[in-house]
Structures are given as structure tokens and as C-alpha cells.
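# Fold and contact review
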Amino acid sequence: MEQIGKLGENFVAQYLENKGWTILQQRWRCRWGEIDLIAQSQGNSPQIAFIEVKTRQRFNLDSDGLLAITPDKQRKIWKTATAFLSNYPHLADFPCRFDVALVIYTLIDQKYQ
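A short tour of the structure in this document, coming up. As the structure is a computational prediction, the values presented were derived from the model and not from experiment.

So, about helix H2 (residues 71-87). In an α-helix, one full turn covers 3.6 residues, which means residues spaced three or four apart are oriented alike. Its 17 residues place the ends of H2 24 Å apart at the C-alpha level, agreeing with the 24 Å of an ideal helix rising 1.5 Å per residue. Each element contacted by the buried residues of H2 is listed here: strand E1 (22-30), strand E2 (33-40), strand E3 (48-57) and strand E4 (96-105).

At Arg-27, a position not held by glycine, the phi torsion is positive, near 60°. Checked against the element boundaries, Arg-27 lands in strand E1.

Below, the discussion takes up the pattern of salt bridges. As enumerated under the stated definition, the model contains seven salt bridges in all. Residue Glu-52 is joined to Lys-73 by a salt bridge in which the shortest nitrogen-to-oxygen separation is 3.6 Å. Of the two residues, Glu-52 sits in strand E3 while Lys-73 sits in helix H2, which places them 21 residues apart along the sequence. With a relative accessible area of 4%, Glu-52 lands in the buried category. For Lys-76, the salt bridge is made with Asp-72, and the minimal N-O distance between the two is 3.8 Å. With Lys-76 and Asp-72 both in helix H2, this residue pair falls four residues apart, about one helical turn. Judged by its relative accessible area of 42%, Lys-76 is partly exposed. Each of Glu-52, Lys-54 and Lys-73 takes part in one network of salt bridges that share partners.

The rules we used
Numbers given for residues are sequential positions, taken from 1 along each chain in its written order. Given that this is a predicted model, residues contribute local features only at a pLDDT of at least 70 and side-chain atom pairs are listed and counted only at 80 or more, while totals for whole chains, interfaces and linings are drawn from all residues. Note that water and hydrogens are dropped before the side-chain values are worked out from all heavy atoms of the structure. Counting from the N terminus, the helices are DSSP H or I runs at least four residues long and the strands are E runs at least two residues long. Multiplying 1.5 Å by the residue count of a helix minus one yields the expected span of that helix. Here, two residues are considered to be in contact whenever any of their heavy atoms come within 4.5 Å of each other. Throughout this description, the term salt bridge denotes a Lys or Arg side-chain nitrogen within 4 Å of a carboxyl oxygen of Asp or Glu. Burial classes follow relative accessibility: with a 1.4 Å probe on protein chains only, a residue under 20% of its type's maximum area counts as buried, one over 50% as exposed, and anything between as partly exposed.

Next up, the structure:
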């Protein structure tokens, strides 16, 4: 299942790059937790996005991953983002945002292909 999560993260990273974003880190970890993607927008007003990616099969029980973003999870992401900015102080002056990317996938039965 972890592999499916990585595929979802890679999908979102590619999407962002196609939109002109630069992926600064993928699966950045510290003692507080992990942030799936950290990206920087380009252009006149660049910003830093801390992105939590939730990859789910269709017809799941947690609103496509949205219910997994609990207040506790939000606090961990906030602390982890603060640690990231402490480690990369040259990015600390950029406006920051927190995004959730919900990815839905369907398994294809290989015997019917």
C-alpha cells in the first residue's frame, strides 16, 4: 500500500511541475513528522506550498482521504513545516500555504488485459 501512496505523490509532483511549480522536497522528514511534497511557485509572487497527498481507491470510507487530515495531523504538518523553514531560512520569507491533494486510483485486473 505504501507503493500506491508514492505513486500518488509522484502524480501530484508531476502535475505541479507541469503547472510551473518547482518541487523542493518529497517526503521531507523531521522529528515532528513528514510532509509529502514541498513546492515553490514561480512568477511575480512566489510562494511555498506544503502538500499532504492522500491516495485512495474509489468508494473508500474516509471521503477520499479528507477525513484523515485531523486536527492532530494538521498540527504535525505545521510543526514539520516550521522545522523545514528553520532548516532552509532563505525560504522563510516567502508566503506559505498548506494544501491537500486527493488522488483516486483504480486497480486494473491484469488477467483481462
